[in-house]
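Chains, contacts and geometry: an overview
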Amino acid sequence: MAQDSVLKEARERMDKSVKSFQRELVTIRAGRANPSLLNKVTVEYYGAETPLKQIASVTAPEARLLLIQPYDRNALANIERGILKSDLGITPTNDGTVIRIAIPPLTEERRAELVKVVHKFAEEAKVAVRNIRREANEQIKKMEKNNELTKDDVRESEEETQKLTDTTIKRVDQLTKDKEKEMMDI
């Protein structure tokens, strides 16, 4: 049925919103070294802005240390500049062959700021999910208007959409709680 395709599309879009939220969470520093912390860092490499992960390998040999091994040693200075230019607030150390980044422990004040950022991202994800619900309900109403669905079908579809929305928002809330707990652990 047509309303099934509307619900299927809504489910897929809501899942994409949650995955996008998860990607945002990964970039928030929690006091531990995580190579994905540098996912958004771009480096000028032969005149083009290039993602760091395309020109170097990033590993976390210790809990509070990131090690960046460039594939081309000539890129070391540019990688260092790119990291300093990013809004991560971390300082790289260049020894001529690799770049080390010591991840300092977060202060209580900084943790509170980061928790606010997590909540902001969570709210944006929830708004996206609610917008998807609204669009799905509008499509269903339009189908009713065109006499493609009965009132019962419309009510049933709207209930399904609401259940899907509630489930998705619970997932966002759980991810938020998990990230908050990870950030508050010292």
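Structure: above.
This one's a predicted model, so the numbers in the text were calculated from it and none came from an experiment.

A positive phi is found at Y46, a non-glycine position, where the angle reads about 50 degrees. Taking relative accessible area as the criterion, Y46 reaches 66% and is therefore assigned exposed. At N147, a residue that is not glycine, the phi angle is positive and equals roughly 60 degrees. Classification of N147 as exposed rests on a relative accessible area of 70%.

One finds L38, L52, L66, I68, I79 and I101 to be the most contacted residues of the largest nonpolar core, which totals 20 residues. Mapped onto this core, the elements with two or more residues apiece are helix 2 (52-55), strand 3 (56-62), strand 4 (65-70), helix 3 (76-85) and strand 6 (99-102). If one sorts the elements of this core by residue count, helix 3 sits on top with 3 residues. Other than its neighbours up to four places away in sequence, I68 contacts L38, L52, A56, S57, V58, I79, I83, V98, I99 and I101. One finds L25, A122, A125 and M183 within the second-largest nonpolar core, a separate group that totals 13 residues.

What follows concerns the side chain of T50. Summarising the element assignment, T50 is placed in strand 2 (residues 48-51). Residue class for T50 comes out buried when judged on its relative accessible area of 12%. A distance of 3.2 Å separates the side chain of T50 from the backbone oxygen of A48, its partner in a polar contact. Not counting the four nearest positions on each side in its chain, T50 is found in contact with V41, T42, V43, Y45 and I55.

Reading the values: rules and limits
- Residues numbered from 1 in each chain as written.
- Predicted model: local features only at pLDDT ≥ 70, side-chain atom pairs only at ≥ 80, totals over all residues.
- Heavy atoms only, no water.
- Buried < 20%, exposed > 50% of the residue type's maximum accessible area, 1.4 Å probe, protein only.
- Core = buried A, V, L, I, M, F, W, Y, C linked by side-chain atoms within 4.5 Å.
- Helix = DSSP H or I, 4+ residues; strand = E, 2+ residues; numbered from the N terminus.
- Contact = heavy atoms within 4.5 Å.
- Polar contact = N/O pair within 3.5 Å; in protein donor to acceptor, adjacent residues only side chain to side chain.

Function cannot be read off these values alone, since they describe shape.
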